[in-house]
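Descriptive structure summary
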Amino acid sequence: MAINLEKGGRALLSLPKFVIGLGWDANSSSTGVDFDLDASVFILGENKKCLSDEYFVFYNNLKSPDGAVEHTGDNLTGAGEGDDESIRVDLSKINPNAAEIIVVVTIHEAEERRQNFGQVRNSFVRIYNPDTNEELLKYELEEDFSVETAVEFGRIYKRNGEWKFEAVGTGQKGGLEDYLNKYN
């Protein structure tokens, strides 16, 4: 049975291999332009910085050099039910210097398109077993991000040799660039 997390909630990840599913629905845009939300992952060391540029996994770099994190591809519209973008994780392969995996979702060209997360609803991050499709945990973002163009949905971190997930749900106005500046 899946654990439903609230903001700040944490749960132990007992499987080394799992999939992070991210989903959202966009309100019809008054700008007349479709929404293109993008999931990205930053694999950080103890210093809270990316291990290297190659450990920033997104639609133009689909796999980390250690093979532990793989983005399954960019969904340009978010149409349909269920997960809009997915990231496969295999912690048995992760670089031993990795201490954290940050999962963010940004709105592509948000400023030019005059879009923000206040126009997005039903946002969630979930972790499930890829072999059985059993959902292990889920965090539904319930906040109204009226000006934010990027949201850190959650983070996976290592403490005392165990990997855990934390539901973060924190937004930023500067889009992906803010996260690149923060973690690179």
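This is a predicted model, so every value here is computed, not measured.

This paragraph deals with unusual backbone geometry. One non-glycine residue, Lys 48, lies in the positive phi region at around 65°. Not every positive phi belongs to a glycine, and Asn 122 is a case in point at roughly 55°. By the element assignment, Asn 122 lies in strand S9 (residues 120–128). Residue Asn 122 is classed as partly exposed on the basis of its relative accessible area, which comes to 49%.

Tracing the chain through its elements places Ile 43 in strand S4 (residues 37–44). The class of Ile 43 is buried, set by a relative accessible area of 0%. Apart from residues no more than four positions distant in its own chain, Ile 43 is found in contact with Lys 49, Cys 50, Leu 51, Tyr 55, Val 57, Ser 64, Val 69, Ile 94, Ala 98, Glu 100 and Ile 101.

Next up on the list: the layout of surface pockets. Reported here for the largest pocket is a volume of approximately 320 Å³. What lines the largest pocket is a set of 17 residues, and nearest its centre among them are Ile 107, Ala 110, Thr 149, Gly 175 and Leu 176. Within the residue set of the lining of the largest pocket, elements represented by two or more residues are strand S8 (100–107), helix H1 (110–113) and helix H2 (175–183). Residue contributions to the lining of the largest pocket peak at 3 residues, all from H2.

Rules of the game
- Residues numbered from 1 in each chain as written.
- Predicted model: local features only at pLDDT ≥ 70, side-chain atom pairs only at ≥ 80, totals over all residues.
- Heavy atoms only, no water.
- Helix = DSSP H or I, 4+ residues; strand = E, 2+ residues; numbered from the N terminus.
- Buried < 20%, exposed > 50% of the residue type's maximum accessible area, 1.4 Å probe, protein only.
- Contact = heavy atoms within 4.5 Å.
- 1 Å grid on protein atoms, 1.4 Å probe; cavity = no way out; pocket = protein on both sides within 12 Å on 5 of 7 lines; lining within 4 Å.
- Points joined across faces, edges and corners; volume = space filled by probe spheres on them.

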